[in-house]
Amino acid sequence: METKLKIAASILNYDFYNLSSQIKQVEAAGIDLLHLDIMDGNFVPNISIGPGVVSSLRKKTGLFFDVHLMVQKPESLIEKFVESGADLITVHAEATCHLDRLLSIIKESKIKAGVALNPSTPVCVIENVLHLLDLVLIMTVNPGFGGQKFIYPMLRKINNAKNMIDNYIRREKTRKPIEIQVDGGIGEKTAPEAFKAGANILVMGTAISKSNDPEAFIKKIRENISKAKTV
Ligand code: DX5
Ligand code: ZN
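Cut-offs and rules
Residues numbered from 1 in each chain as written. Chains lettered and ligands numbered in written order. Predicted model: local features only at pLDDT ≥ 70, side-chain atom pairs only at ≥ 80, totals over all residues. Heavy atoms only, no water. Core = buried A, V, L, I, M, F, W, Y, C linked by side-chain atoms within 4.5 Å. Buried < 20%, exposed > 50% of the residue type's maximum accessible area, 1.4 Å probe, protein only. Contact = heavy atoms within 4.5 Å. Salt bridge = Lys/Arg side-chain N within 4 Å of Asp/Glu carboxyl O. Helix = DSSP H or I, 4+ residues; strand = E, 2+ residues; numbered from the N terminus. Donors = N, O, S within 2.8 Å, 3.2 Å for Na, K, Ca; no water. Tetrahedral: all angles 85-135°; square planar, octahedral: opposite > 155°, others 65-115°.

## Observations regarding the nonpolar core
If you look at the biggest cluster of nonpolar residues, it comprises 67 residues, and the most contacted ones within it are Leu-36, Ile-89, Ile-126 and Leu-202. What Leu-202 contacts, discounting residues up to four positions off in sequence, is Leu-5, Lys-6, Ile-7, Ala-8, Val-182, Ile-186, Ala-191, Ala-194 and Ile-225. Among the nonpolar cores identified, the runner-up in size contains 10 residues, and Ala-8, Leu-88, Ala-116 and Val-141 belong to it.

## Considering the pattern of salt bridges
Taken as a whole and judged by the stated rule, the model has nine salt bridges. Of the charged contacts in the structure, one is a salt bridge between Asp-134 and Lys-107, with a shortest N-O distance of 2.7 Å. With Asp-134 in the loop between strand S5 (112-117) and strand S6 (135-139) and Lys-107 in helix H4 (residues 99-108), the pair connects residues that are 27 residues apart, well separated along the chain. When its relative accessible area of 11% is taken as the criterion, Asp-134 is described as buried. The shortest N-O distance in the salt bridge between Lys-162 and Asp-166 comes to 3.5 Å.

## Considerations on the coordination of the zinc ion (ligand 2)
Within the protein, the atoms that donate to the zinc ion (ligand 2) are His-35 (NE2), Asp-37 (OD), His-68 (ND1) and Asp-183 (OD), at distances of 2.0 to 2.3 Å. Around the zinc ion (ligand 2), the six donor atoms are arranged such that angles at the metal cover 70 to 169°; this shape is classified as octahedral. Of note, the donors binding the zinc ion (ligand 2) are all from one chain and are spaced H-x1-D-x30-H-x114-D.

## Points about the environment of Ala-199
Mapped onto the secondary structure, Ala-199 falls in the loop between helix H6 (190-197) and strand S8 (201-204). A relative accessible area of 2% means that Ala-199 is categorised as buried. Measuring from C-alpha to C-alpha, the distance between Ala-199 and Val-136 comes to 9.4 Å, with 63 residues separating the pair along the chain.

Right under this line is the structure:
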């Protein structure tokens, strides 16, 4: 099943003093989602922003808020991030021992639910929660920092996730799409490779913020992928 290509901009490496102008710039550049990386200094060795900042941003933009929770015990924070305006909350499978319960809580909040998998976590951990999922996030770096190198063996993992999802959709005869997102080290070279392997939502932090012209850069990424599709 083919799903539409979407570009998500991660704000992790932005200058937080100028956050609103940088968000306006990527919004104008045509991104599809704003990827908000939430880190607690515990699940990952870094700290970023909390629900207060997300709430403030919610008042300034209508962009789709894709909240990536890199925190221990995400259960305690779901309500706060729903209230702050998240459209999708993605939790790490490694951060909870009650994934089914956690995803059910997110779905009951009437927003989308995703599961993220660290590079070493096998795809099979999502097999029994597919009915609760809108998205699977395959981490293509170890979470915690922007600007890291794409881990190439993840291409095979993306493909495994794609096969599992396609089989599930066929078997259950459901039309509900489950999107595959990739996060970490995505740029001009790796974007078409990850898309070809089966991912349709590409998170980009460093690649967008380092480009002199984000609009032209995003356009080029979309063109390269559609060219690769037609050959
Ligand atoms: C890493 C974060 C990513 C990160 C991506 O833990 O989840 O969203 O910001 O940044 P780049 O695109 O620089 O790898
Ligand atoms: Zn992220």
